[in-house]
There are 2 protein chains.
Amino acid sequence: MNTVKGGVTAAKGFTANGIHCGIRKNRTKRDLSLIYSEVRASAASVYTTNLVKGAPLTVTKKNISDGYARAIICNSGNANTCNANGIEIARGMCQVLGDRLGISEKDVVVASTGVIGQPLDITPIKNGIDELVAGLSRDGSEAAAEGIMTTDTVKKEIAVEFEVGGVTCTIGGIAKGSGMIHPNMATMLVFITTDAAITPEMLGKALSGDIKNTFNMVSVDGDTSTNDMVTVLANGVAGNKLIDSEGEDFDAFMKALNSVTVALCRMIAGDGEGATKLLECRVDGALDEENAKTVAKSVICSSLTKAAMFGADANWGRVLCAIGYSGAKVSVDKVDVSFKSSAGQVDVCRNGSGIEFSEDLAKKVLLEKEIEIIITLGDGDGRATAWGCDLTYDYVKINGDYRT
Amino acid sequence: MNTVKGGVTAAKGFTANGIHCGIRKNRTKRDLSLIYSEVRASAASVYTTNLVKGAPLTVTKKNISDGYARAIICNSGNANTCNANGIEIARGMCQVLGDRLGISEKDVVVASTGVIGQPLDITPIKNGIDELVAGLSRDGSEAAAEGIMTTDTVKKEIAVEFEVGGVTCTIGGIAKGSGMIHPNMATMLVFITTDAAITPEMLGKALSGDIKNTFNMVSVDGDTSTNDMVTVLANGVAGNKLIDSEGEDFDAFMKALNSVTVALCRMIAGDGEGATKLLECRVDGALDEENAKTVAKSVICSSLTKAAMFGADANWGRVLCAIGYSGAKVSVDKVDVSFKSSAGQVDVCRNGSGIEFSEDLAKKVLLEKEIEIIITLGDGDGRATAWGCDLTYDYVKINGDYRT
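Residues numbered from 1 in each chain as written. Chains lettered and ligands numbered in written order. Predicted model: local features only at pLDDT ≥ 70, side-chain atom pairs only at ≥ 80, totals over all residues. Heavy atoms only, no water.

Q: What's the story with the overall build of chain A in this structure? I'm lost.
A: The number of helices and strands found in chain A is 11 helices and 15 strands. Judged by the C-alpha coordinates and their principal axes, chain A covers about 70 × 55 × 35 Å. The burial tally for chain A puts 64% of its 404 residues in the buried class. Restricting the contact set of chain A to residue pairs at least 6 apart, pairs at least 24 apart contribute 80%. Entry remark: accessible area of chain A is about 14,000 Å², with carbon and sulfur atoms responsible for 47%. The positive charge centre, built from 41 side chains, and the negative charge centre, built from 50, are 4 Å apart in chain A. (Helix = DSSP H or I, 4+ residues; strand = E, 2+ residues; numbered from the N terminus. Buried < 20%, exposed > 50% of the residue type's maximum accessible area, 1.4 Å probe, protein only. Contact = heavy atoms within 4.5 Å. Areas by Shrake-Rupley, 256 points an atom, 1.4 Å probe, with all protein chains shown as cover. Lys, Arg positive; Asp, Glu negative; His and termini not counted. Charge placed at Lys NZ, Arg CZ, Asp CG, Glu CD.)

Encoded structure:
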């Protein structure tokens, strides 16, 4: 499996574009993106667990209930959520795009991200649709990735090549996600495309299996958004034998999907609002996988741990504290904790008690940009990884006055 | 019921003191406190639900298992948690104090607050014990309140007078709590004293009944501490008829206790680390009380809502979002939200959708120091209140480098 360029248009038969249509006042920021498949594609999607759901999610769920789609339209700057006319506007976006592309509006996936509870005016989208479609290109991934960004500071793209029964396939994706990000589910927008041939059923199975260990294990701020959605389109243009059951081909697909989703998880966590560091919490020795996940997520979500990481302070007591209140079954007197980065590893806690360590080394380790918090429990074989980021002044700054 | 001066020594028969003994390097900060009852008192205590528990909690639990105590000793600057010799040190504190006071070490409640995982040296406590006891005074509440502070910026004291069967009783308390504060349970230290006569059983019942709606409904940062504890001593010096069952007298006691605990909750939330505002979330119309509590706590804990309040930004979509992911059963299309303060009230959401409101008024309302977030659901009669604070630059600053 090798990483390749091209993001969401790396797979054959996909084009994309992103433009500024006028939803945002800032004319230099793209606010409308389109991903298009030259043929109808198997489609699978997972959605936020928040009871308050963005109108686009409801429309998308209905549209792809037959298992297929050809296009994804997504605006930033407005979430189209908690608006009385939300469904109407989301449907309108599908219709406008379907008419222009000459496809059924039922083959359109629609998404929105931005402020909640402000009516979304469809006019700029209508006015921009010609430009959006005219600009569709095999090089359009970057523009599309930019068009879905909100407080994101970097574009998030990845693609890999893999083999299915001797045929080279490609899978890639773009993501946005910076704040309002918390497990169940990833609280972000992720659009993945692949030219592998796979049935909607198996695609759905692959996606829902994968997110448990990827997007559901990412947290920036504990707030599960109303608009999260991960969608995969598989158009079969690569020409592999259709994956319609479990087996070697399905496993190869799962593996490729996972490499894309893990890469996007790390990008999203590392670009958390105001973040200066990516935190990866790896738990081993838990009673079982569920307990490992609970511990890893609790540590990643602890404001005190996150703030300590920002300050490069090896305050491991906060890690212990977060393990203790996680709700997981843990023998607290068998907990080991280490911090690790490219600068080295420092062991700070053994059997639930502090041990002597070099504060100088700890500082060096924690001043790096990617920190691993390694927790070894003494309860069993369960393991899990969660991703998060530090809590910084800028998180507060960004969120203290996001709307006005 | 009137508020009176004197805090934890307002009730008859109690004295207190707080000194600097040397646990903290800063010689101007008191770090050791003592509360003393001239007679043995009924004692009740509730403790953190964190699996990682401070050693003092284990020792206290054992000491008051007979229902009685006479003294409370508490240090700040070190939590005596996750230390191999923690129990030994906590016991040592009881012994040193018991010897000096001429009481059984089993009649001592011991507590510690501060950094986790650094061995607590008992030497400064031993050396300070004469000064600590010699300074016991009916005016010592303030010194004791100061001695238990960590990152607290204000001393937290309250006392009220109430009547039990025609006899005037007094109940008062001190508290510390600023960071690592989250429901289950209050994640703070609270010491309450009363001269009312009440059995240990009824005192325990009163306390465990009360905290469900008070300390368990406070959150500063979602981190449940390892060392939280609320202890009440009732020495009976007021001379009322012993409260040994439910009834009018017990109700009067519960009411007085509640007025003390609610006042302390508000002080703790308002003095949350870095906080500039007290947030009070009042939920009405929920399916039942549990659902109301779940909603109120979720809103109070939302980092995005907290940051918006810091910025005086009426971003009510974040409130809706936090209601939606709370896990409570809520009809999201029947949710009303208003913000209220001494500057007025602004209604921002009706039936789950945004309504027109004056941004000027909203700003004025949210610039105040005490903000009510009023949520009216359309599901039933359940109601609850939770307290929290805004999320600010200073929270990050305080916690980015607390230990070093």
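Q: Just to check I follow, could you spell out the relation of the copies chain A and chain B for this structure?
A: One copy of the chain maps onto the other through a rotation about an axis followed by a shift along the same axis. For these two chains of identical sequence, chain A goes onto chain B by a turn of 180° and a shift of 0.0 Å along the axis, with RMSD 0.0 Å. Taken together, the rotation and translation relating the two chain copies correspond to the operation of a two-fold axis. Considering only C-alpha atoms, the part of chain A nearest the rotation axis is Y393(A), at 2.5 Å. (Least-squares fit on C-alpha atoms with pLDDT ≥ 70 in both.)

Q: Before we go on, may I ask you to explain the sheet that holds strand β11 (residues 336-341) of chain B in this structure?
A: As a general point, the strands of a sheet are linked pairwise by backbone hydrogen bonds and lie either parallel or antiparallel. Residues and elements named next belong to chain B. With mixed pairing, six strands are arranged side by side in an open sheet as β13-β12-β11-β14-β10-β15. Each of the sheet's edge strands pairs with one partner strand only, and the pair in question is β13 (353-354) and β15 (382-389). Bridge count between β11 and strand β12 (residues 344-350): five bridges; the pairing is antiparallel. The partner of S341 across the bridge, within β12, is G344. Helix-sheet contacts for helix α6 (residues 248-270) involve β10 (278-286), β14 (370-376) and β15, and the interaxial angle to β15 is about 40°. The sheet contacts of helix α7 (residues 289-301) involve β10, β14 and β15, and relative to β15 the element is tilted by about 20°. (Pairing = 2+ DSSP bridges. Axes fitted to C-alpha atoms, helices over the stretch in contact; angles between N-to-C directions.)

Q: What exactly am I supposed to notice about the packing of aromatic side chains here?
A: Where two aromatic rings form a pair, the distance of their centres and the angle of their planes describe that pair. All names here are of chain B. Evaluated as defined, the whole model comprises three aromatic pairs over all chains. Ring plane angle 90° and centroid distance 5.4 Å describe the contact between F310 and Y393, whose orientation is recorded as edge-to-face. Placement of F310 in helix α8 (residues 303-310) and of Y393 in helix α11 (residues 393-400) is noted, with a sequence separation of 83 residues between them. (Phe/Tyr/Trp six-rings, centres within 6.5 Å; stacked < 30°, edge-to-face > 60°.)

Q: Looking at this structure, how should I read the interface of chain A and chain B?
A: It is common to report an interface's size as the accessible area lost on association of the parts. Opposite the 53 residues of chain A that make contact, chain B presents 53 residues. Overall, the association of chain A and chain B removes approximately 4,200 Å² of surface from exposure, summing both partners, and the carbon and sulfur fraction of that is 58%. Taken together, chain A and chain B are joined by zero salt bridges. Joining chain A to chain B, the criterion identifies four residue pairs in polar contact (both at pLDDT 80 or more). (Buried area = accessible area lost by both parts, 1.4 Å probe. Salt bridge = Lys/Arg side-chain N within 4 Å of Asp/Glu carboxyl O. Polar contact = N/O pair within 3.5 Å; in protein donor to acceptor, adjacent residues only side chain to side chain.)

Q: Would you mind going over the environment of D210(B) with me for this structure?
A: Residues and elements named next belong to chain B. By the element assignment, D210 lies in helix α5 (residues 200-211). Overall, D210 belongs to the buried group, its relative accessible area being 4%. When the C-alpha positions of D210 and K255 are compared, they lie 9.2 Å apart, and in sequence the two are 45 residues distant. Those residues in contact with D210 that lie beyond four places of it in its chain are M254, L257, N258 and T261. Polar side-chain contacts of D210 include one of 2.7 Å to the side chain of N258. A distance of 2.7 Å separates a polar atom in the side chain of D210 from a polar atom in the side chain of T261.

Q: In this structure, what is going on with the pattern of salt bridges? I would like to understand it.
A: A side chain of one charge can pair with a side chain of the opposite charge if their charged atoms are brought near each other. Taken as a whole and assessed by the stated rule, the structure comprises 34 salt bridges over all chains. Linking K205(A) and E246(A) is a salt bridge whose minimum nitrogen-to-oxygen distance equals 2.6 Å. Of this pair, K205(A) sits in helix α5 (residues 200-211) while E246(A) sits in the loop between β9 (229-234) and α6 (248-270); the two residues are 41 residues apart in sequence, bridging distant segments of the chain. Residue R40(B) is joined to D66(B) by a salt bridge in which the shortest nitrogen-to-oxygen separation is 2.9 Å. Placement of the pair is R40(B) in strand β3 (residues 32-47) and D66(B) in the loop between α1 (55-63) and β4 (68-78), with a sequence separation of 26 residues. Given the relative accessible area of 41%, R40(B) is considered partly exposed. According to the relative accessible area criterion, D66(B) is partly exposed, its value standing at 41%. By sharing partners, the salt bridges in this structure join R266(A), E280(A), R282(A), E370(A) and E372(A) into a single network.

Q: Where do I start with the nonpolar core in this structure?
A: One finds I171(B), V190(B), F215(B), F253(B), V283(B), F339(B) and I375(B) to be the most contacted residues of the largest nonpolar core, which totals 80 residues. For this core, the element with the most residues is α6(B), which contributes 10 residues. Among residues more than four places away in sequence, those in contact with I375(B) are C281(B), R282(B), V283(B), D284(B), V295(B), V299(B), V319(B), I323(B), V335(B) and D336(B). If you look at the next biggest cluster of nonpolar residues, it comprises 79 residues, including M309(A), I323(A), A328(A) and V346(A). (Core = buried A, V, L, I, M, F, W, Y, C linked by side-chain atoms within 4.5 Å.)

Q: Even after reading the chapter, I still don't get the environment of F14(A), so can you show me in this structure?
A: Residues and elements named next belong to chain A. Position of F14 relative to the elements: it lies in strand β2 (residues 14-19). Along the primary structure F14 and D195 are separated by 181 residues, whereas in three dimensions their C-alpha atoms are 8.3 Å apart. Setting aside chain neighbours within four positions, we find F14 in contact with V8, T9, I35, Y36, S37, R138, T193, T194, D195, L233 and N235.

Q: Help me understand the sheet that holds strand β11 (residues 336-341) of chain A, please; the structure alone is not making it clear to me.
A: All names here are of chain A. One open sheet holds the six strands; their spatial order is β13-β12-β11-β14-β10-β15, and the pairing between them is mixed. Single-partner strands in this sheet number two, and they are β13 (353-354) and β15 (382-389). Pairing between strand β10 (residues 278-286) and strand β14 (residues 370-376): seven bridges, direction parallel. When the sheet's bridge partners are listed, C281 is paired in β14 with I373. Across the face of the sheet, α6 comes into contact with β10, β14 and β15 while running at roughly 45° to β15. Its contacts with the sheet place helix α10 (residues 359-366) against β11, β12 (344-350) and β14, and it is angled at close to 120° to β12.

Q: Honestly, α6(B) in this entry has me stumped. Any pointers?
A: Working note: α-helix, 3.6 residues per turn, so residues spaced by three or four point in the same direction. Residues and elements named next belong to chain B. Taking 1.5 Å as the rise per residue, α6 with 23 residues should run 33 Å; its terminal C-alpha atoms sit 33 Å apart, in good agreement. Taken residue by residue, α6 has F250, F253, A256, L257, V260, T261, A263, L264, C265, I268 and A269 as its buried positions. In this structure, the buried side of α6 is in contact with β6 (156-164), β7 (167-176), β8 (189-194), α5, β10 and β15. (Expected span 1.5 Å × (residues − 1).)

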